[in-house]
Amino acid sequence: MANVGEFAAALRQLKERSGLTYRQLEERAAEHGGVLARSTLADVLGGKTTPRPELVAEFVRACGDAERVQEWLEALERAVSGAAGRDEGGDEGHDGGVGADGAGPPDRRTGPAPGRRRLRALLVGLAVLSAVAVTIWVLGFSGEPGGSKGKSDRTALPQGPVQIRPVLADGLCLTDGHAEGYESLVAVQRPCEDVAPQQTELVPAADDTFRVQWYHPDHGTGCLNSVTVGTGAALLEPWDDCGKTSRFRIEPTGSGRSNQYVLRLVGDGCVGMSGSGTVAGVPAVMQSCDGSGKQIFSISPV
């Protein structure tokens, strides 16, 4: 096994074969007294952190592969040992992969083939070039430092994953959920600790505007779009085709608090929380801009 990243890829394949969501895996583990936090699991499957043996065992059992827990633990040990060996200057050796039937943990096959190494190098190079291009694009449209009322300030807003928190609802974040009488997922406020593994990002669009983009391992990428007709009118629904979704001007409130903003829809209206704006589970809706607390959000990096 070449590294923990390869091991994480095998874990992702196991999850896909199980057909279970992060929430279902967490619930399965809890049924027999185990702990499988969704946020931790998302980091492990994304290759961001090295999993602990007990988490791997819990995950494998929850996926229905309990009889092979020991094989998975041995594969984890090989992955960690292999990575450590390369860090110390040894040769790459052999990396594991899923079995030929695609149903088991990584075997003892050695390091990545030359083609795979070239592909990895190409992907890394493309990622660097993309990051540079995005940085240049953002700087080119950032405007004057500090922004101004009525214009989004790209330089002040955090980049990468963020939390959007309604200021009237302590501990709640804007994320996905269901509104009564509407089948599709929409933007609602829920406890921030329940948001993972979904991630929220503000993606620059034209004319100093942004799209609110969500990424979820089970649902993919979607951007919020204002629903204008039918039972979902005024709700914000994630659409797969981000290019056809709503654009927002993210404007400082002028309150003196640097991380508080109004999300103004290009065209008309502002994003606000329905009802009192303080209850978990209520949806975000498009409202006439009135400067009320229900239309103010704090935006901070995750």
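Here the residue numbering is sequential within each chain, running from 1 through the sequence in written order. This being a predicted model, a pLDDT of at least 70 is required before a residue's local features are given, and a value of 80 or more before pairs of side-chain atoms are given or counted; all residues contribute to the totals for chains, interfaces and linings. Excluding hydrogens and water, the side-chain values take into account all heavy atoms of the structure.

1. Topic: the overall build of the protein chain
- Secondary structure elements follow DSSP: runs of H or I no shorter than four residues count as helices, runs of E no shorter than two count as strands, and numbering proceeds from the N terminus. Helix and strand counts for the protein chain stand at six helices and twelve strands.
- Exposure classes here rest on a 1.4 Å probe applied to the protein chains alone. A residue is buried below 20% of its type maximum, exposed above 50%, and partly exposed in between. Counting all 302 residues of the protein chain, 42% fall into the buried class.
- In this description, contact between two residues means that some pair of their heavy atoms is separated by no more than 4.5 Å. Across the protein chain, every contact between residues at least 6 apart in sequence was considered, and the portion connecting residues at least 24 apart equals 53%.
- Under the convention used here, a 1.4 Å probe and the Shrake-Rupley method define accessible areas, while residue burial counts only the protein chains that appear. Summed over its atoms, the accessible surface of the protein chain is roughly 15300 Å², and 53% of this surface lies on carbon and sulfur atoms.

2. Focus on the state of the cysteines
- When two cysteine sulfur atoms are found within 2.5 Å, that pair is recorded as a disulfide. One pass over the structure, following the stated rule, counts three disulfides.
- In this model, cysteine 270 is linked to cysteine 289 through a disulfide, with the two sulfur atoms separated by 2.0 Å. Residues cysteine 270 and cysteine 289 are joined by a disulfide whose S-S torsion is about 100°; by sign, that bridge is right-handed. In this pair, cysteine 270 sits in strand 10 (residues 270–273) while cysteine 289 sits in the loop between strand 11 (284–287) and strand 12 (297–301), placing the two residues 19 residues apart along the sequence.

3. A look at the packing of aromatic side chains
- In this analysis, rings of Phe, Tyr and Trp, with Trp reduced to its six-membered ring, are considered paired at centre separations within 6.5 Å, and the interplanar angle assigns stacked below 30 degrees, edge-to-face beyond 60, and tilted for intermediate values. In total, this model carries one aromatic pair according to the counting rule given.
- Each ring, one from phenylalanine 7 and one from tryptophan 72, has its centre 5.9 Å from the other, and the planes form 75°; the classification is edge-to-face. In this pair, phenylalanine 7 sits in helix 1 (residues 4–18) while tryptophan 72 sits in helix 5 (residues 69–87), placing the two residues 65 residues apart along the sequence.

4. Some thoughts on the confidence of the model for the protein chain
- On average, residues of the protein chain score 79 in pLDDT, and 75% of them are at 70 or above.
- Per-residue pLDDT stays below 50 along residues 90–103; that stretch engages in 46 contacts with residues further than four places along the chain or on separate chains.
- Per-residue confidence from the predictor is given as pLDDT, running between 0 and 100. Considering only residues more than four positions removed or in separate chains, one finds that residues 128–149, a stretch of pLDDT under 50, has 15 contacts.

5. A closer look at the nonpolar core
- Grouped together as the largest cluster of nonpolar side chains are 25 residues, with contacts concentrated most on Phe7, Leu25, Leu36, Leu41, Phe59 and Trp72.
- Counting residues per element, the ones that place at least two in this core are helix 1, helix 2 (22–31), helix 3 (38–45), helix 4 (53–62) and helix 5.
- The biggest single contributor to this core is helix 4, with six residues.
- For our purposes a nonpolar core is just a set of buried Ala, Val, Leu, Ile, Met, Phe, Trp, Tyr and Cys residues, chained together by side-chain atoms within 4.5 Å. Counting 23 residues, the second-largest nonpolar core is a separate cluster that includes Val162, Leu224, Leu263 and Ala284.

6. Some details on helix 1
- One less than the residue count of a helix, multiplied by 1.5 Å, gives the span that helix is expected to have. A rise of 1.5 Å per residue sets the reference length of helix 1, with its 15 residues, at 21 Å; its end C-alpha atoms lie 21 Å apart and thus fit the reference within 8%.
- A positive backbone phi angle near 75° is found at glycine 19, which sits one or two residues after helix 1.

7. Here's the deal with the packing of helix 2 against helix 3
- Here, axes are lines fitted to C-alpha atoms. For helices the fit covers the stretch in contact, and angles between N-to-C directions go from 0 to 180 degrees. Where helix 2 meets helix 3, the closest approach of the two axes is 10 Å, and the angle between their N-to-C directions is 120°. In the crossing of helix 2 with helix 3, the sense of the turn from one axis to the other is right-handed. Contacts from Tyr22, Arg23, Leu25 and Glu26 in helix 2 reach Arg38, Leu41, Ala42 and Leu45 in helix 3.
- Residues of the contact of helix 2 with helix 3, tallied by class, amount to five nonpolar, no polar and three charged. Handedness of a helix crossing follows the sense of rotation of the near helix relative to the far helix, less than a right angle counterclockwise being left-handed and clockwise being right-handed. Just so you know the grouping, Ala, Val, Leu, Ile, Met, Phe, Trp, Tyr, Cys and Pro go in nonpolar, Asp, Glu, Lys and Arg go in charged, and all remaining residues, Gly too, go in polar.

8. Some remarks on helix 4
- Counting buried positions along helix 4 gives seven out of ten residues, so the element sits mostly inside the fold.
- Looking only at helix 4, the buried set comprises Leu55, Val56, Ala57, Glu58, Phe59, Val60 and Ala62.

9. Quick look at the environment of leucine 235
- Locating leucine 235 in the fold gives a position in the loop between strand 6 (220–226) and strand 7 (236–239).
- When sequence neighbours within four positions are dropped, the list of residues in contact with leucine 235 reads Ala179, Tyr182, Val186, Asn225, Ser226, Val227, Pro283, Ala284 and Val285.

10. Description of the pairing of strand 6
- Taken across its seven residues, strand 6 has five buried, putting it largely inside the fold.
- By definition, two strands form a pair when at least two bridges between them are found by DSSP. Examined bridge by bridge, strand 5 (residues 210–216) and strand 6 share four bridges and lie antiparallel to one another. Its bridge partner being in strand 6, tryptophan 214 is matched across the sheet by glycine 222.
- In sequence, strand 5 turns back onto strand 6 through a hairpin of three residues.

11. Observations regarding unusual backbone geometry
- With an omega of 10°, the peptide bond between alanine 196 and proline 197 qualifies as cis.
- A positive phi is found at aspartate 207, a non-glycine position, where the angle reads about 55°.
- Backbone geometry places alanine 234, a non-glycine residue, at a positive phi of 85°.
- Take alanine 234: it is sitting in the loop between strand 6 and strand 7.
- Overall, alanine 234 belongs to the partly exposed group, its relative accessible area being 25%.

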